[in-house]
Amino acid sequence: MNQRRAIVSVIGKDQVGIIAKVTNVLADNKINILDISQTILQDFFTMMMIVDVADNKDLESLQKQLVKVGKTMNLNINIQLEEIFQAMHRV
């Protein structure tokens, strides 16, 4: 079973329903969450997820769905393939 991993990041003001709305988009797209970390710093919410997108052929559509949730909740939501994320964050 091949995995193709991506990083989902969510940042914004803490409010009810952030995790539910983001994970619903992933579930609707049949995307499995491999790892998740979330923290609240004062009243700012941050969440990083590693997800398996091997079965998802349309990452652009997924990004648009996540951005739409982000706009309705005033959050910054981003998804990047793991190899791109690692290349961008090399020191």
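Here, every reference points to the structure presented above.
Here the residue index of a chain counts from 1 through its sequence in written order. Only residues with pLDDT of 70 or above have their local features reported here, since the model is predicted, and side-chain atom pairs are shown and tallied only from 80 upward, although totals for entire chains, interfaces and linings are computed over all residues. Side-chain metrics in this entry use all non-hydrogen atoms of the structure; hydrogen atoms and water are not considered.

**Student:** Help me out: how do you make sense of the sheet that holds strand β1 (residues 5-13) in this one?
**Tutor:** Whether parallel or antiparallel, the strands of a sheet pair through hydrogen bonds between backbone atoms. In this description, strands pair whenever DSSP reports at least two bridges between them. Under the scheme used here, helices are H or I runs from DSSP no shorter than 4 residues and strands are E runs no shorter than 2 residues, and both carry numbers assigned from the N terminus. The 4 strands lie next to each other as β2-β3-β1-β4, forming an open sheet whose pairing is antiparallel. In the strand order of this sheet, the two ends are held by β2 (32-41) and β4 (75-81), each with one partner. On average, adjacent strands in this sheet sit at an angle of 10 degrees to one another, irrespective of strand direction. As judged from the 9 bridges shared by β1 and strand β3 (residues 44-52), these two strands associate in the antiparallel manner. Note on β3: the bridge partner recorded for G12 is F45. Each of β1 and β4 is contacted by helix α2 (residues 59-73), which is oriented at about 165 degrees to β4, the strand it contacts most. With axes taken as lines fitted to C-alpha atoms, and helix axes fitted only over the stretch in contact, angles between N-to-C directions fall between 0 and 180 degrees. It only takes one pair of heavy atoms within 4.5 Å for two residues to be counted as in contact.

**Student:** Help me out: how do you make sense of the environment of R5 in this one?
**Tutor:** In this fold, R5 is placed in strand β1. The buried label goes to any residue with under 20% of its type's maximum accessible area, the exposed label to any with over 50%, and the partly exposed label to all in between, with areas taken from a 1.4 Å probe on protein chains only. Of the residues examined, R5 reaches a relative accessible area of 29% and is grouped as partly exposed. Spatially, the C-alpha atoms of R5 and S61 are 16 Å apart, while their sequence positions differ by 56 residues. In this structure R5 touches L34, I50, V51, L81 and E82, once residues within four positions along its chain are discounted. Looking at R5, its side chain comes within polar contact range of the side chain of E82, at 2.6 Å. The definition of a polar contact used here is a pair of N or O atoms within 3.5 Å, where within protein one atom must be able to donate a hydrogen and the other to accept one, and adjacent residues in sequence count solely through side-chain atom pairs.

**Student:** In this structure, what is going on with helix α1 (residues 18-28)? I would like to understand it.
**Tutor:** For an α-helix the count is 3.6 residues per turn, leaving residues at separations of three or four pointing the same way. Inspection of α1 places I18, V22, V25 and L26 among the buried residues, and these make up the whole buried set. On an axial view of α1, the arc spanned by its buried residues comes to 100 degrees, and they lie on one face. As for α1, its buried residues are in contact with β1, β2, β3, α2 and β4. Two residues or fewer after α1 comes K30, characterised by a positive phi angle close to 55 degrees. Throughout, the arc means that of the directions going from the helix axis to the C-beta atoms.

**Student:** It is not clear to me how the environment of S37 should be interpreted in this structure. Could you clarify?
**Tutor:** Looking at where S37 falls in the secondary structure, it is placed in strand β2. Counting along the chain gives 10 residues from S37 to M47, while the straight-line C-alpha distance between them is 5.6 Å.

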